[in-house]
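Understanding the architecture of this molecule
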Amino acid sequence: MAKTSLAEAGVDSLVLLGCGKMGGAMLEGWLKGGLSPAVVQVIDPYPSGWLKAQAARGVTLNPAELAPAAVAVIAVKPQMMTQAAPRLAVLAGQGTVLLSIAAGTPIAAFEAMFGAGTPIIRAMPNTPAAVGRGISALIGNAAATEAQMAMAEALLAAVGQTVRLDSEEQMHAVTGLSGSGPAYVFHMIEAMAAAGTAAGLPPDLAMRLARATVAGAGALADASPEPAEQLRVNVTSPGGTTAAGLGVLMPELSDLMTRTVAAAAGRSRELAE
Ligand SMILES: NC(=O)c1ccc[n+]([C@@H]2O[C@H](COP(=O)([O-])OP(=O)(O)OC[C@H]3O[C@@H](n4cnc5c(N)ncnc54)[C@H](OP(=O)(O)O)[C@@H]3O)[C@@H](O)[C@H]2O)c1
């Protein structure tokens, strides 16, 4: 299915609050996807060199007064929220959709700031967004319409895949799985490289093999129509080397991963309180 263009999704004007790693990756994706710099306003107190270059191409940077916008994307750190979000108050009540990617700031906090009648959509992306390979989970408040959810999906599609949630409570589990998940995989690379070194390889070579194996297996899992379980079975000959390795790994990993994701989800719940 062809991706909905930002224009088709109704993004004819946009405010970006916070243009750091995540905001910058999204803005880059939107501009590459054909969004006109002229319809973008960015608020960021310390603009990067890249952002200043976008301003030279027509993006409005730190306007004294915000012009009306179809959507405002909130990409500041949660601890900056109370300081940064009031800049958007001028847009509330004008039909502007607020799309927040801030981890841990619940929809209710935005409703308290802007009113429950404001369409508010919360999303949790992850760091592979930096290379256009993220996955973002979304949930909207009661005021967010289907067309506005589709608009948020089109915006997040600029940095990867999107999925919708049934309830905001699921955001904790999403945080524990896909939000924190890239770090688990990076650690897996470290652990595999250390294991390769212990098995007799020079550290540089072990790291190169581990990194390419995780990246390649990820790409294969992504490209293949077969489920991960079948891909595993396909490379596991009975009595072979992979079977010997999995015989050690599999009895431990499910329980370890269950506890890992539960710990991260639990911390997400604590931080939200
Ligand atoms: N990175 C991730 O993997 C990830 C994943 C999921 C969700 N998120 C969420 O995405 C949000 C942004 O994360 P990030 O990694 O992109 O952080 P970041 O790189 O620190 O970006 C935040 C940006 O907001 C700017 N800022 C600070 N105060 C501001 C203000 N008052 N008004 C406007 N802009 C202000 C910062 O400027 P200065 O740097 O000059 O302070 C920075 O450019 C966070 O809420 C995070 O929870 C991130």
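Please read all numbers here as calculations on a predicted model, not as lab measurements.

Observations concerning the layout of surface pockets
There is about 940 Å³ of room inside the second largest pocket. Of all the elements in the fold, those that place two or more residues in the lining of the second largest pocket are α1 (21-32), α3 (81-84) and α6 (170-179). Sort the elements by how many residues they give to the lining of the second largest pocket and α1 lands first, with four residues. Looking at the lining of the second largest pocket residue by residue, the class counts come to 18 nonpolar, nine polar and four charged.

Description of the sheet that holds strand β6 (residues 120-124)
The strand order across the open sheet built from eight strands is β3-β2-β1-β4-β5-β6-β7-β8, with neighbouring strands paired in mixed fashion. Both outer strands of the open sheet, β3 (60-61) and β8 (160-164), are each paired with one neighbouring strand and no more. As judged from the two bridges shared by strand β2 (residues 40-43) and β3, these two strands associate in the parallel manner. What sits directly across from Gln-41, in β3, is Thr-60. Across the sheet, α1 touches β1 (14-17), β2 and β4 (71-74), and the angle it forms with β1 is around 155°.

Examining the side chain of Gln-41
Tracing the sequence through the fold places Gln-41 in strand β2. Look at Gln-41 and you get buried, because its relative accessible area is 8%. When neighbours within four sequence positions are excluded, Gln-41 is seen to be in contact with Leu-14, Val-15, Leu-16, Thr-60, Pro-63, Glu-65, Leu-66, Ala-67, Pro-68 and Ala-69.

Let's talk about the pattern of salt bridges
Counting across every chain of the model gives eight salt bridges. In this structure, Asp-222 and Arg-133 form a salt bridge, with 2.6 Å as the shortest nitrogen-oxygen distance. Taken together, the residues span a long stretch of sequence, with Asp-222 in helix α8 (residues 203-223) and Arg-133 in the loop between β6 and β7 (134-140) at a distance of 89 residues. On the basis of relative accessibility, which here comes to 44%, the residue Asp-222 falls in the partly exposed class. Note that Glu-146 and Arg-164 form a salt bridge whose closest N and O atoms lie 2.9 Å from each other. In this pair, Glu-146 is assigned in helix α5 (residues 146-156) and Arg-164 in strand β8, connecting sequence segments 18 residues apart. A relative accessible area of 51% means that Glu-146 is categorised as exposed. Arg-164 sits in the partly exposed class, given a relative accessible area of 36%.

Considerations on the site of the ligand
Around the ligand, 23 residues are found, and the nearest of them are Met-22, Asp-44, Val-76, Ala-103 and Thr-127. The separation between an oxygen atom of the ligand and a polar main-chain atom of Gly-20 is 3.3 Å. Met-22 has a polar backbone atom sitting 2.7 Å from an oxygen atom of the ligand. For the ligand, whose free accessible area comes to 880 Å², the fraction covered by protein is 80%. The cavity where the ligand resides is the second largest pocket. Contributing elements (two or more residues each) for the shell around the ligand: α1 and α3. Considered class by class, the residues forming the shell around the ligand number 16 nonpolar, four polar and three charged.

Let's talk about α6
Given 3.6 residues to a turn, an α-helix orients residues that are three or four positions apart in the same direction. If you check which residues of α6 are buried, you get Met-171, His-172, Val-174, Thr-175, Gly-176 and Ser-178. Along its buried surface, α6 packs onto β6, β7, α7 (181-198) and α10 (241-272).

Observations regarding the packing of α7 against α8
For the pair α7 and α8, the least separation of the axes is 8 Å and the interaxial angle reads 140°. Accordingly, the angle class assigned to the pair α7 and α8 is oblique. Viewed along their axes, α7 and α8 form a crossing whose handedness is right-handed. For the pair α7 and α8, contact is made by Val-185, Met-188, Ile-189, Glu-190, Met-192, Ala-193, Gly-196 and Thr-197 and by Pro-203, Ala-206, Met-207, Ala-210, Arg-211, Thr-213 and Val-214, respectively. Here the residues of the contact of α7 with α8 sort into ten nonpolar, three polar and two charged.

Let's talk about the packing of α6 against α7
Running from N to C, α6 and α7 cross one another at 30°; their axes reach a closest spacing of 5 Å. In terms of orientation, α6 and α7 fall into the roughly parallel class. Contacts from Gly-176, Leu-177, Ser-178 and Gly-179 in α6 reach Gly-181, Pro-182 and Tyr-184 in α7. Its residues assigned to classes, the contact of α6 with α7 comprises three nonpolar, four polar and no charged.

Definitions and cut-offs
Residues numbered from 1 in each chain as written. Predicted model: local features only at pLDDT ≥ 70, side-chain atom pairs only at ≥ 80, totals over all residues. Heavy atoms only, no water. 1 Å grid on protein atoms, 1.4 Å probe; cavity = no way out; pocket = protein on both sides within 12 Å on 5 of 7 lines; lining within 4 Å. Points joined across faces, edges and corners; volume = space filled by probe spheres on them. Helix = DSSP H or I, 4+ residues; strand = E, 2+ residues; numbered from the N terminus. Nonpolar A, V, L, I, M, F, W, Y, C, P; charged D, E, K, R; others polar. Pairing = 2+ DSSP bridges. Contact = heavy atoms within 4.5 Å. Axes fitted to C-alpha atoms, helices over the stretch in contact; angles between N-to-C directions. Buried < 20%, exposed > 50% of the residue type's maximum accessible area, 1.4 Å probe, protein only. Salt bridge = Lys/Arg side-chain N within 4 Å of Asp/Glu carboxyl O. Near = heavy atom within 4 Å. Polar contact = N/O pair within 3.5 Å; in protein donor to acceptor, adjacent residues only side chain to side chain. Areas by Shrake-Rupley, 256 points an atom, 1.4 Å probe, with all protein chains shown as cover. Sits in = over half its atoms within 2 Å of the grid points. Parallel < 35°, antiparallel > 145°, perpendicular 65-115°, else oblique. Left-handed = near helix turned anticlockwise from the far one by under 90°.

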